[in-house]
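Read off the chains here:
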Amino acid sequence: MNKHFESVYALVRQVPAGKVASYGQIARWLGWERGARTVGWALRSAPADVPWHRVVNGRGGISLFDGTEQRLRLEAEGVDFDALGRINLEDYGFDGPVTL
DNA sequence: GGGCTGACTGACG
DNA sequence: ACGTCAGCCAGCC
């Protein structure tokens, strides 16, 4: 396995319940800057202990073709969705392992 | 090696 | 705020 993927998983595991992070944000934490899509690719094969459902796109929405399960899981953790099915990143966005 | 696809993002109109 | 276009990266024909 590539260590890069392990880094992605380790980082996603650091996202607390009730909070969400974007692909681009995670990519930056890893220093990929433009590898947001690669993060999604990694999560695609993420192990069961990785809270992949806490990862959404930069607009606070779900990118999956059918994100029903992901949305239900987030709501179960207390994440609030608006009428457009998007999350207010200002309130639920995870700043990262280190808060600037 | 060449080309296509996808769990993305930023810029434009 | 929304729809569209182009750029990026890794994996799979």
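Above this text sits the structure in question.
Remember, it's a predicted structure, so these values are computed and weren't measured experimentally. (Residues numbered from 1 in each chain as written. Chains lettered and ligands numbered in written order. Predicted model: local features only at pLDDT ≥ 70, side-chain atom pairs only at ≥ 80, totals over all residues. Heavy atoms only, no water.)

A. Seen up close, unusual backbone geometry. Residue Glu 33 is not a glycine yet carries a positive backbone phi of 60°. Note on placement: Glu 33 falls in the loop between helix 2 (23-30) and helix 3 (36-44). Classification of Glu 33 by relative accessible area gives partly exposed; the value is 46%. (Helix = DSSP H or I, 4+ residues; strand = E, 2+ residues; numbered from the N terminus. Buried < 20%, exposed > 50% of the residue type's maximum accessible area, 1.4 Å probe, protein only.)

B. A look at the environment of Ala 42. Along the chain, Ala 42 falls in helix 3. Ala 42 gets classed as buried once you look at its relative accessible area, which sits at 0%. For the pair Ala 42 and Ser 7, spaced 35 residues apart in sequence, the C-alpha separation works out to 9.8 Å. Sequence-distant contacts of Ala 42, that is, excluding residues within four places in its chain, are made with Phe 5, Val 8 and Tyr 9. (Contact = heavy atoms within 4.5 Å.)

C. The arrangement of the protein's contact with DNA strand B in detail. Around DNA strand B lies a shell of 14 residues, among which Arg 37, Asn 57, Gly 58, Arg 59 and Ser 63 are the nearest. In the interface set of DNA strand B, defined as its atoms within 4 Å of the protein, sugar plus phosphate atoms amount to 39%. Within the backbone of Leu 43, an N or O atom sits 3.0 Å from a base nitrogen of DNA strand B. Taking Ser 63, its side chain carries an N or O atom lying 2.6 Å from a phosphate oxygen of DNA strand B. (Near = heavy atom within 4 Å. Polar contact = N/O pair within 3.5 Å; in protein donor to acceptor, adjacent residues only side chain to side chain.)

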